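Coordinate analysis (summary)
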Amino acid sequence: MSQTVDIRELNDKIEAQSGFVNLIIQGMDQTIVGQKHLVESLLIGLLSDGHILLEGVPGLAKTLAIKTLASLIDAQYNRIQFTPDLLPADVVGTMIYSQKNEEFQVKKGPIFANFVLADEINRAPAKVQSALLEGMQERQVTIGDQTHLLPEPFLVMATQNPIEQEGTYPLPEAQVDRFMLKVVIGYPKKEEEKLIIRQNISGERQAIKPVLKKKEIMDVRKVVREVYIDEKIEKYIVDIVFATRYPQENGLQHLKSMISFGASPRASINLALASRAYAFIKRRGYVIPEDVRAVCFDVLRHRIGLSYEAEANNLTSEEIISEILNKIEVP
């Protein structure tokens, strides 16, 4: 019975704390037409302290989305356009000699911001990618012999263009794993596209006012950590992840030859964290199986390695995840 009371209390607390979610969604709707899934994914990343990799053709408001989110939160935003001639120092910063002081001084790079947009991350060579990914993982950057902590909150949203492969450097599988979510964005619907045309022809853009401060985000993250995850939900998450590693043990023998490697323990952690954040966005104090299923594709799609056989059969990681979700028993 005490458990029921706890959940009730938690629900009330989250109901009180999650009011800003609607304000952020309304603010995003002022500049972004449609793309509800993208907005939700950005919120999940923000609330779970995770980074996001966005994949979609040009012109789908990927850059505009993160810029709007940064404006809604009184936070610093930097955009880095990745190009083949970019150097790690262009991202993290470098040491500059000051003649006046007769010593080397640190000049911090654009990574020192709360929101960093790594535009077309696959256009820069591996050296630059790893400099950014180190900052993402360690939340610190070493310039010369000094280590500098990155600001809090710190969210990287990287975009990659799936249509051009010339002059690109695909992110290594192990490094893609650092991204909490990989979100694939599709084209808008017809009605949405009409609205996009109207908005852009009129040239009127509403000024975006901040609805949240940086400190409030840090406080809200503590509340998100309190969202209750039952043992049955934990088992459900582990079952899904293990099915990507050993499909034959779950009656999915035909997928064994299609998967070259399954999801890492990071997938289990991120699936739990993202489910929690999703429950919070839906103003609930506990996680239900539908929350896990809602975030499953974004958390797992970049963590399953496809074999040559799968590619030859045009099998995608999304189809594999669908089969696993249909097979694993829902608690």
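Before any of the text, the structure's been laid out above.
This structure is a prediction, so every number in the text was calculated from the model and none was measured. (Residues numbered from 1 in each chain as written. Predicted model: local features only at pLDDT ≥ 70, side-chain atom pairs only at ≥ 80, totals over all residues. Heavy atoms only, no water.)

Let's shift gears to the overall build of the protein. Helix and strand counts for the protein stand at 14 helices and eleven strands. What you see for the protein is a C-alpha radius of gyration of 21 Å, in line with the 20 Å of a compact globule of 331 residues. Judged by the C-alpha coordinates and their principal axes, the protein covers about 70 × 50 × 50 Å. Residues classed as buried in the protein amount to 47% of the 331 residues present. (Helix = DSSP H or I, 4+ residues; strand = E, 2+ residues; numbered from the N terminus. Rg over C-alpha atoms; globule rule 2.2 N^0.38 Å. Buried < 20%, exposed > 50% of the residue type's maximum accessible area, 1.4 Å probe, protein only.)

Checked against the element boundaries, Val-330 lands in the segment after α14 (317-327). Taking C-alpha positions, Val-330 is 10.0 Å from Asp-239, a pair spaced 91 residues apart along the chain. When sequence neighbours within four positions are dropped, the list of residues in contact with Val-330 reads Tyr-236, Pro-289 and Arg-293. (Contact = heavy atoms within 4.5 Å.)

Here the focus is the nonpolar core. One finds Ile-24, Phe-115, Ile-240 and Phe-280 to be the most contacted residues of the largest nonpolar core, which totals 73 residues. For Phe-280, the residues in contact, after removing those within four places along its chain, are Ile-14, Gln-17, Ser-18, Phe-20, Val-21, Leu-47, Val-220, Val-223, Val-224 and Val-227. Counting residues in each nonpolar core, the second largest holds 27 residues, with Phe-82, Ala-113, Val-156 and Ala-158 among its members. (Core = buried A, V, L, I, M, F, W, Y, C linked by side-chain atoms within 4.5 Å.)

Attention now moves to the side chain of Ser-307. Of note, Ser-307 is situated in the loop between β11 (305-306) and α13 (308-312). In contact with Ser-307, not counting residues within four places along its chain, are Ser-257, Met-258, Ile-259 and Ser-260.

For helix α10 (residues 231-245), with 15 residues, the first-to-last C-alpha span of 21 Å sits near the 21 Å given by 1.5 Å per residue. Close packing links the buried residues of α10 with β10 (259-261), α11 (265-281), α12 (289-300) and α14. Where α10 begins, the capping side chain belongs to Asp-230, and its oxygen is found 3.0 Å from the backbone nitrogen of Lys-232. (Expected span 1.5 Å × (residues − 1). Polar contact = N/O pair within 3.5 Å; in protein donor to acceptor, adjacent residues only side chain to side chain.)

Before going further, it helps to examine the packing of aromatic side chains. For any pair of aromatic rings, the description rests on two quantities: the centre-to-centre distance and the angle between the ring planes. Under the criterion given, the structure shown has three aromatic pairs. Ring centres 6.2 Å apart and planes at 40° place the aromatic pair Phe-20 and Phe-280 in the tilted group. On the criterion of sequence distance, the pair formed by Phe-20 in helix α2 (residues 19-31) and Phe-280 in helix α11 is long-range, its members being 260 residues apart. Neither residue differs from the other here; Phe-20 and Phe-280 are each classed as buried. On the basis of an interplanar angle of 65° and a centroid distance of 5.2 Å, the ring pair of Tyr-97 and Phe-104 is categorised as edge-to-face. The ring centre of Phe-112 lies 4.8 Å from the NZ or CZ of Lys-108, which sits over that ring. The ring of Phe-242 is capped by Arg-245, whose NZ or CZ atom sits 4.8 Å from the centre of that ring. (Phe/Tyr/Trp six-rings, centres within 6.5 Å; stacked < 30°, edge-to-face > 60°. Lys NZ or Arg CZ within 6 Å of the ring centre and 35° of its normal.)

Position of Glu-192 relative to the elements: it lies in helix α8 (residues 190-202). For the buried Glu-192, no salt bridge exists, and the shortest N-O distance to an oppositely charged side chain is 4.3 Å, to Lys-189. At a separation of 3.0 Å, a polar atom in the side chain of Glu-192 contacts the main-chain amide nitrogen of Lys-189. Dropping the residues within four chain positions of it, Glu-192 is found in contact with Val-33 and Gly-34. (Lys, Arg positive; Asp, Glu negative; His and termini not counted. Salt bridge = Lys/Arg side-chain N within 4 Å of Asp/Glu carboxyl O.)

Attention now moves to the pattern of salt bridges. Going through the model one piece at a time under the given rule, you end up with 16 salt bridges. Across the pair Glu-55 and Lys-182 runs a salt bridge, and its minimum N-O distance is 3.2 Å. In this pair, Glu-55 is assigned in strand β1 (residues 52-55) and Lys-182 in strand β9 (residues 181-184), connecting sequence segments 127 residues apart. Here the residues in one salt-bridge network are Asp-49, Arg-139, Glu-152 and Arg-221, joined through shared partners.

Our focus in this paragraph is unusual backbone geometry. Look at the link from Glu-152 to Pro-153: it is a cis peptide, with omega at -10°. Assignment of secondary structure puts Pro-153 in the loop between β7 (146-149) and β8 (155-160). Although it is not a glycine, Asp-49 adopts a positive phi angle of roughly 60°. Mapped onto the elements of the fold, Asp-49 is located in the loop between α3 (36-48) and β1.

Across the sheet, five strands lie side by side as β2-β5-β8-β1-β9; this open sheet has parallel pairing. Bordering the open sheet on either side are β2 (77-81) and β9, each of which pairs with just one other strand. For this sheet, the mean angle separating the axes of adjacent strands, direction not counted, is 20°. As paired strands, strand β5 (residues 115-119) and β8 are joined by four bridges and run parallel to one another. Looking across to β8, one finds that Phe-115 is bridged to Leu-155. (Pairing = 2+ DSSP bridges. Axes fitted to C-alpha atoms, helices over the stretch in contact; angles between N-to-C directions.)

Within the element layout of this structure, Tyr-246 appears in the loop between α10 and β10. Along the sequence, Tyr-246 and Lys-108 sit 138 residues apart, while their C-alpha atoms lie 45 Å from each other.

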